[in-house]
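Listed below are the residues making up each chain.
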Amino acid sequence: MPTLKKLREAGDFGAINRRIPYSSFVSLESGEDDKGLLTILRPRESNMGNTLIRAVHGGVVGALIEHAGVMQVMKDTAPEHLPKIINLTVEYLRPCLVDEEAFARGIMVKLGRRIANVRVEVWQSDPERPVAVGHAHFLVE
Amino acid sequence: MPQGDVPEKLKPLLDVLVTLPHFRELGVTAERVERGFAIVRSDYDERTIGNPETGVIHGGVVTTVMDSVCGLVAFTVLEEPKPIATLDLRIDYLKPATPGKALRGQAEVYKETRNVTFVRGVAYHDDPDDPIANCTATFMIGSVGFKVGGEGGA
């Protein structure tokens, strides 16, 4: 089985994602489009944290943000192992509906020698109306 | 579920909790619930591993446990049933969780105002003084936010 480092060198973020059990637990996918890395949370009944409005659990929205951040750091630093998260702030702007895909994209705000600061935006049908934004620090080794 | 220790008024909260699909999927259960204070627990589950090289659970599990217990404790201080919405949640990851051990989240309300409830908490295995993560969260009370379709911001 290829190491994470080999998968990273091959730029196979989908394969890195599939290596992580939690990704299939909540249905997270990683890929690239013309704007860069894109992380997708697929509709999944068991992700629901609010049955009244059929919203995704806030913790899973946080996980989507963390995952998009991890993948962005992997892309920008090509580390040997998965980067360690230091802290994460999630701001919830609108309900994240469980019956629709949620998309997340990370922006590397600052990449230092030891610390990466990443901002992540999450949206559903309309990219102009984000459902959540987050920022996180990662330890870069 | 510690039904015996839970004030009568708060029992309906726990009845709702067990119906939520992601709580069930993650096996989140309440260990202690009182006004302004709660502890929940989630057992180790290999399906939630975030680092396949170490077996450490994904940070998303910590986030989910903390969002759950912070939201739960925000509900315990309401005088009458109202919807609440998480405004934000911040987590500091202090050390990795130990593979194989149950994760607990403990939270307390440290300030109540008419519109916003302020909550802080920790994630840990056995000792809240040896935390895996520290967390603060704020909740909007009586939010019109969770309305689907149309302008719904909290």
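Located above this text is the structure these notes cover.
A quick note: this is a predicted structure, and the numbers were derived from the prediction, not measured.

1. With respect to the packing of helix H4 (residues 58-77) of chain A against helix H3 (residues 59-76) of chain B
So, point 1. At a closest axis distance of 7 Å, the pairing of H4(A) and H3(B) adopts a crossing angle of 150 degrees. On the basis of the axis angle, H4(A) is roughly antiparallel to H3(B). The hand of the H4(A)/H3(B) crossing is right-handed. Where H4(A) approaches H3(B), its residues A:Gly58, A:Gly59, A:Val60, A:Gly62, A:Ala63 and A:Glu66 are matched on the opposing element by B:Gly59, B:Gly60, B:Thr63, B:Thr64, B:Asp67 and B:Ser68.
So, point 2. Tallied by class, residues from the contact of H4(A) with H3(B) come to two nonpolar, eight polar and two charged.

2. Looking at the interface of chain B and chain A
So, point 1. Each partner contributes residues to the interface: chain B has 33 residues there, and chain A has 34 residues.
So, point 2. Going through the elements one at a time, helix H2 (21-26), strand E3 (49-51), H3 and strand E5 (84-93) of chain B are the ones with two or more residues in the side of chain B that touches chain A.
So, point 3. No other element matches E5(B), which puts nine residues into the side of chain B that touches chain A.
So, point 4. Looking at the side of chain B that touches chain A, its residues break down into 11 nonpolar, 14 polar and eight charged.
So, point 5. Summarising the sheet, strand E5 (residues 84-92) of chain A and E5(B) pair through five bridges and their orientation is antiparallel. Bridging across to E5(B), A:Glu91 finds its partner in B:Asp88.

What counts, and where the lines are drawn
- Residues numbered from 1 in each chain as written.
- Chains lettered and ligands numbered in written order.
- Predicted model: local features only at pLDDT ≥ 70, side-chain atom pairs only at ≥ 80, totals over all residues.
- Axes fitted to C-alpha atoms, helices over the stretch in contact; angles between N-to-C directions.
- Helix = DSSP H or I, 4+ residues; strand = E, 2+ residues; numbered from the N terminus.
- Parallel < 35°, antiparallel > 145°, perpendicular 65-115°, else oblique.
- Left-handed = near helix turned anticlockwise from the far one by under 90°.
- Contact = placed C-beta atoms within 7 Å.
- Nonpolar A, V, L, I, M, F, W, Y, C, P; charged D, E, K, R; others polar.
- Pairing = 2+ DSSP bridges.

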